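Observations on the model geometry
This is what each chain is made of:
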Amino acid sequence: MKITILSGKGGTGKTTVATNLALSLNNAQFLDADVEEPNSYIFVKPNFADRKELVWREVPKIDQEKCTNCQECVEFCEYNALASFGNDLMVFPELCHSCGGCKHICPEGAIIEDNKEAGQIKWTPDVNGLEFWQGELNIGEISAVPVIEQLKEHINEEKTVIMDAPPGTTCPTVEAAIDSDYCIIVTEPTPFGLHDLKMAVEVVKKLDKPYGVIINRSENDANQIIEDYCTAEDIPILLRIPFKRQIAELYSEGFPFIEELPEWQERFKEVLGEIEKVIE
Ligand code: SF4
Ligand code: SF4
């Protein structure tokens with residue numbers, strides 16, 4: 001079973017939920033797909049040793065001998081990753097989205113593929129019983145999708161997979177969620193939280209995934225704004241994590257709060273039980 005943890009924006013507690021949930025379960029695999037800023041390792045504390053693989057993406061390379069400087073590829077590329085200087089055609093790999101279109105349309109067969117390093121993947125087979133994988137996007141890279149795609153190739157179907165998705169509602173988030181069995185959207189009880197929750201709900205609806213909500217920094221008075229929306233939309237609220245000083249302090253010190261508040265392990269296990277009932 002694959003569960004993706006989403007949030008409409010950063011800073012809502014997505015990583016808190018993902019790490020505490022994963023560490024509460026038996027036989028779980030964790031994938032940190034928030035590849036622009038992976039920070040689950042702070043709480044899980046894996047030792048990657050030298051377990052690392054590189055992620056490559058294809059960019060065009062021009063065979064200047066064959067190129068007639070016809071400009072067709074320059075006009076075709078919507079990302080301005082190709083430009084002509086005198087008789088030479090130049091490629092700007094940082095702007096290239098690796099769509100492959102220029103190679104396809106070149107009438108001279110003058111475009112060949114080259115590889116550019118996009119990021120890396122690190123892993124450790126066992127940290128406190130958890131199999132842990134982390135994707136990292138290189139600085140300056142234009143798209144997180146190739147790293148997430150390669151990270152997902154390591155999904156262990158024998159385990160309960162918890163994936164920490166990139167925040168937001170753009171392509172990398174969709175890539176992380178698209179083949180999940182269930183999505184958990186983490187939100188906070190504020191007007192901004194509600195706004196971003198609605199955007200995340202639109203994404204999981206379009207993906208046609210079963211989903212539920214976890215309210216982080218939950219407070220009785222403030223929660224109503226989220227509770228009303230979820231009731232109206234018939235969205236299950238799976239858990240309410242209270243706005244407590246102790247939880248905030250543990251977070252700031254880099255500790256999963258289930259270590260100090262072990263009763264929450266049972267609550268996270270109950271969340272998994274609720275999800276299993278929906279999926280079966
Ligand atoms: S389409 Fe081919 S031949 Fe034309 S400018 Fe581009 S690489 Fe050169
Ligand atoms: S692969 Fe696509 S994005 Fe990259 S240079 Fe060619 S047309 Fe542009």
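For clarity, every value in this text was computed on a predicted model and none was experimentally measured.

1. Considerations on empty space enclosed by the protein
In the structure shown here, the tally under the stated rule is three cavities of 30 Å³ or more. Approximately 80 Å³ is the volume found for the largest cavity. Lining the largest cavity are Ile 62, Cys 67, Thr 68, Asn 69, Cys 70, Gln 71, Cys 73, Leu 89, Cys 106, Glu 108, Ala 110 and Ile 111. Each residue belonging to the lining of the largest cavity can be placed in one class, and the counts come to eight nonpolar, three polar and one charged.

2. Focus on the side chain of Lys 152
One can find Lys 152 in helix H5 (residues 145-152). Within the structure, Lys 152 has its side chain in polar contact with the side chain of Asp 179 (distance 3.3 Å). The residues touching Lys 152, leaving out its near neighbours within four places in the chain, are Leu 31, Met 163, Glu 175, Ala 176, Ile 178 and Asp 179.

3. Some thoughts on the site of ligand 1
Ligand 1 sits among Cys 67, Thr 68, Asn 69, Cys 70, Gln 71, Cys 73, Leu 89, Cys 106, Pro 107, Glu 108, Ala 110 and Ile 111. Taking a 2 Å distance to the grid points as the criterion, the majority of the atoms of ligand 1 fall inside the largest cavity. When grouped by side-chain class, the residues that make up the shell around ligand 1 number eight nonpolar, three polar and one charged.

4. A look at the sheet that holds strand S8 (residues 160-164)
Pairing is mixed across the open sheet formed by nine strands, whose spatial order is S3-S6-S7-S2-S8-S1-S9-S10-S11. Edge strands, defined here as strands with exactly one partner in the open sheet, are strand S3 (52-62) and strand S11 (237-242). Mean inter-strand twist for the sheet, computed between neighbouring axes without regard to direction, equals 20°. In this sheet, S11 lies alongside strand S10 (residues 211-218) in parallel orientation, the contact comprising four bridges. By the bridge assignment, Ile 214 is partnered in S11 with Leu 239. Strands in contact with helix H1 (residues 14-24) are strand S1 (2-6), strand S2 (28-32), strand S7 (130-137), S8, strand S9 (182-187), S10 and S11; relative to S8, the strand with the most contacts, it is inclined by about 165°.

5. Details of the pattern of salt bridges
For the coordinates displayed, the defined rule picks out 17 salt bridges. Note that Lys 2 and Glu 157 form a salt bridge whose closest N and O atoms lie 3.9 Å from each other. Linking Lys 2 in strand S1 with Glu 157 in the loop between H5 and S8, this pair joins segments that are 155 residues apart in sequence. Judged by its relative accessible area of 17%, Lys 2 falls in the buried class. Overall, Glu 157 belongs to the exposed group, its relative accessible area being 57%. We note a salt bridge from Glu 136 to Lys 122, for which the minimum N-O separation is 3.2 Å. Placement of the pair is Glu 136 in strand S7 and Lys 122 in strand S6 (residues 111-127), with a sequence separation of 14 residues. Looking at Glu 136, the relative accessible area reads 16%, which means it is buried. Among the charged side chains, a network of salt bridges with common partners joins Lys 9, Glu 188 and Arg 217.

6. Focus: the packing of aromatic side chains
Tallied over the full model, the rule gives seven aromatic pairs. Aromatic side chains Phe 48 and Phe 132 sit 6.0 Å apart centroid to centroid with 35° between the ring planes, which places their arrangement in the tilted category. In this pair, Phe 48 is assigned in the loop between helix H2 (41-44) and S3 and Phe 132 in strand S7, connecting sequence segments 84 residues apart. Take Phe 48 and Phe 132: they sit in the same class, and that class is buried. These aromatic residues form a ring-pair network of at least three members: Phe 30, Phe 48 and Phe 132. The ring of Phe 255 carries the charged tip of Lys 45 above its face, separated from the ring centre by 4.8 Å. Positioned above the aromatic ring of Trp 264, the side-chain terminus of Arg 267 is 4.4 Å from the ring centre.

7. Quick word on the pairing of S10
S10 sits mainly inside the fold: seven of its eight residues count as buried. As paired strands, S9 and S10 are joined by five bridges and run parallel to one another. Counterpart to Ile 185 in the pairing with S10 is Val 213. On the question of chirality, the crossover connecting S10 to the parallel S11 by way of helix H8 (residues 220-233) is right-handed.

The rules we used
- Residues numbered from 1 in each chain as written.
- Chains lettered and ligands numbered in written order.
- Predicted model: local features only at pLDDT ≥ 70, side-chain atom pairs only at ≥ 80, totals over all residues.
- Heavy atoms only, no water.
- 1 Å grid on protein atoms, 1.4 Å probe; cavity = no way out; pocket = protein on both sides within 12 Å on 5 of 7 lines; lining within 4 Å.
- Points joined across faces, edges and corners; volume = space filled by probe spheres on them.
- Nonpolar A, V, L, I, M, F, W, Y, C, P; charged D, E, K, R; others polar.
- Helix = DSSP H or I, 4+ residues; strand = E, 2+ residues; numbered from the N terminus.
- Polar contact = N/O pair within 3.5 Å; in protein donor to acceptor, adjacent residues only side chain to side chain.
- Contact = heavy atoms within 4.5 Å.
- Near = heavy atom within 4 Å.
- Sits in = over half its atoms within 2 Å of the grid points.
- Pairing = 2+ DSSP bridges.
- Axes fitted to C-alpha atoms, helices over the stretch in contact; angles between N-to-C directions.
- Salt bridge = Lys/Arg side-chain N within 4 Å of Asp/Glu carboxyl O.
- Buried < 20%, exposed > 50% of the residue type's maximum accessible area, 1.4 Å probe, protein only.
- Phe/Tyr/Trp six-rings, centres within 6.5 Å; stacked < 30°, edge-to-face > 60°.
- Lys NZ or Arg CZ within 6 Å of the ring centre and 35° of its normal.
- Right-handed = clockwise from strand over helix to strand, strands pointing away.

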